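# Chains, contacts and geometry: an overview
This is what each chain is made of:
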Amino acid sequence: MKKIQMVDLKGQYEPIKEQVNRSIQEVIDTTAFINGPEVHGFQKELEEYLNVKHVIPCANGTDALQIAMMGLGLKPGDEVITADFTFAATVEVIALLQLTPVLVDVNPYGFNIDVEAIKRAITPKTKAIVPVHLFGQVADMDAIMEIANEHNLFVIEDNAQGIGANYTRRDGSKVKTGTIGHVGSTSFFPSKNLGCYGDGGAIFTNDDDLAHTLRGIVNHGMYERYHHDVVGVNSRLDSIQAAVLRAKLPHLDTYNTKRRAAARKYTERLRDHAKITTPLICEICDCHVFHQYTLRLKDCDRDGLVKHLNSKDIPCGVYYPIPLHRQKAYTDPRYNEADFSVTNQLAKEVISLPMHTELDDDQIAYICDSILEYLNA
């Protein structure tokens, strides 16, 4: 059995090696390193894939979130509601822009932002909601958009973990995540479902005016060289990373299908154990792309299991061990621990298993057998 990786980037690279190498070499040969043809080509191809009017590439996923908020014209002191159970980048950019983060609890089954908690958190200062499609599972976007429309709020989708997922609306129509709210953002960090070989990100919107503003912000606020019409930043996707992403984009649906297949195999082996809650797998839609395959454990020593797996050369992850409302940078006297009961419990229970396109049956069997060995001891 080959060595188990949390993410097997080398294994994913091998089948597309010639195309990736050829595309990178072409960028080097042409020296079109910034805003070159590969960037524009990737932008257009991703617009077609997502069925969205505008993709604005940028330097990373955190920038994508920040630029999206800048483009909406949010002002210092405006309140932005987001999930307590997610990576810090989501709340980080809110604070950096001197907006007021308002953290709320998540639901226990999909780990995404709790709709009822959003409703309770809205005040006259609330201006936006940031749902995170955590671990690759889609948040309840119909309900979130209804709340936003009722209260005249912006919705900024954090799609860093959900690229390629489909959301099935109540009317049965499907739409790609990141394209449902007023603006969406994603990350192309190497471990993502669509990852480059460095840093990269993008912003999505169907709003023509907002897209125009965002294109200026990513490039120092310039639409014409040395004419700075808006306050901007320097955040561009470089051509080499765009070349890698162009090579991988046609394979994204296949990558996500393989992740779902691996998730089903994990679940078949683990779902009947009393101490394990496996993630939801929808049999009738493709609303989860399994950026992570995350278990909930009860009545067992989670950290002991981590050590046990590591002793067997099985990597694993705990995302996220400390809720954001307990992080030193984001504590707020307004928060009440009772309002974060689900997040606080998840932080004690979750463990994520290796998940990538190159997992094979022997690896999955070995991982599952090792987990059951520990839990049954």
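These remarks concern the structure in this document. (Residues numbered from 1 in each chain as written. Predicted model: local features only at pLDDT ≥ 70, side-chain atom pairs only at ≥ 80, totals over all residues. Heavy atoms only, no water.)

### Comments concerning a nonpolar patch on the surface
What counts here: For patches, a residue must show more than 30% relative accessible area and have no salt bridge; joins then use 9 Å for like charges and 5 Å for nonpolar side chains, namely Val, Leu, Ile, Met, Phe, Trp and Tyr. Note on areas: Shrake-Rupley with a 1.4 Å probe; residue coverage comes only from the protein chains shown. We define a salt bridge as a contact between a side-chain nitrogen of Lys or Arg and a carboxyl oxygen of Asp or Glu at a distance within 4 Å. Here a strand is any run of E in DSSP of at least two residues, a helix any run of H or I of at least four, and the numbering for each starts at the N terminus.
A surface patch of nonpolar side chains, amounting to about 250 Å² of accessible area, comprises Ile28, Phe33 and Ile34. Tracing the sequence through the fold places Phe33 in the loop between helix H2 (17–30) and helix H3 (37–50).

### Details of the pairing of strand S1 (residues 54–58)
Note the following rule: Using a 1.4 Å probe on the protein chains alone, a residue whose accessible area is under 20% of its type maximum counts as buried, one over 50% counts as exposed, and one in between counts as partly exposed. A pair of strands is considered paired only if DSSP assigns at least 2 bridges between the two.
Most of S1 sits out of view: five of its five residues are buried. Here S1 pairs with strand S9 (residues 201–205) via five bridges, running antiparallel. When the bridges of S9 are listed, Ile56 appears paired with Ile203.

### Things to note about the sheet that holds strand S13 (residues 293–297)
Rules: Note on contacts: a residue pair qualifies if any of its non-hydrogen atoms lie within 4.5 Å across the two residues. An axis is simply a line fitted to the C-alpha atoms; with a helix, the fit covers only the stretch in contact. Between two such axes, the angle follows the N-to-C directions and lies from 0 to 180 degrees.
If you walk across this open sheet you meet the three strands as S12-S13-S14, and the pairing is antiparallel. Of all the strands in the sheet, the pair left with one neighbour each is strand S12 (276–277) and strand S14 (350–353). Bridge count for S13 against S14 is four bridges, and the pairing is antiparallel. Bridge pairing in S14 places Leu295 opposite Ile351. Strands S12, S13 and S14 of the sheet are contacted by helix H10 (residues 252–270), whose axis makes an angle of about 20° with S13. Packed on one face of the sheet, helix H11 (residues 302–311) meets S13 and S14 and runs near 20° to S14.

### Looking at the pattern of salt bridges
Enumeration according to the criterion identifies 18 salt bridges in this entry. Between Asp332 and Arg334 there is a salt bridge; the shortest N-O distance is 3.1 Å. The network of salt bridges with common partners includes Asp142, Glu146, Arg169 and Arg170.

### Some remarks on the pairing of strand S4 (residues 126–130)
Two faces, one strand: in a regular strand the side chains alternate between the faces of the sheet. What counts here: Consider the strands pointing away from the viewer: the crossover is right-handed when the path from the first strand over the helix to the second runs clockwise.
Most of S4 sits out of view: four of its five residues are buried. In terms of strand pairing, S4 meets strand S5 (residues 154–158) through two bridges, oriented parallel. Considered in S5, the bridge of Ile129 is made with Val155. Between S4 and its parallel partner S5, the chain crosses via helix H7 (residues 141–151), and the hand of that crossover is right-handed.

### Examining the environment of Asn159
Looking at where Asn159 falls in the secondary structure, it is placed in the loop between S5 and strand S6 (166–168). The spatial distance from the C-alpha of Asn159 to the C-alpha of Pro15 is 26 Å, given a sequence separation of 144 residues. Once residues within four sequence positions are removed from consideration, Asn159 is found in contact with His133, Thr177, Gly178, Ser185, Thr186 and Phe204.

### What to know about the nonpolar core
Defined as follows: Among the buried residues, those of types Ala, Val, Leu, Ile, Met, Phe, Trp, Tyr and Cys that are joined through side-chain atoms within 4.5 Å form a nonpolar core.
By size, the foremost hydrophobic cluster in this structure holds 36 residues, and its most contacted members are Ile81, Phe85, Ile118, Met141 and Ile144. Sorting the residues of this core by element identifies strand S2 (79–83), strand S3 (100–104), helix H6 (115–121), H7 and helix H12 (341–349) as the ones contributing at least two each. At six residues, the largest contribution of residues to this core is made by H7. Contact partners of Ile118, with chain neighbours within four places excluded, come to Ile81, Ile113, Ile129, Ile144 and Ile147. Counting residues in hydrophobic clusters, the runner-up holds 25 residues, among them Ile351, Ile367, Cys368 and Leu375.

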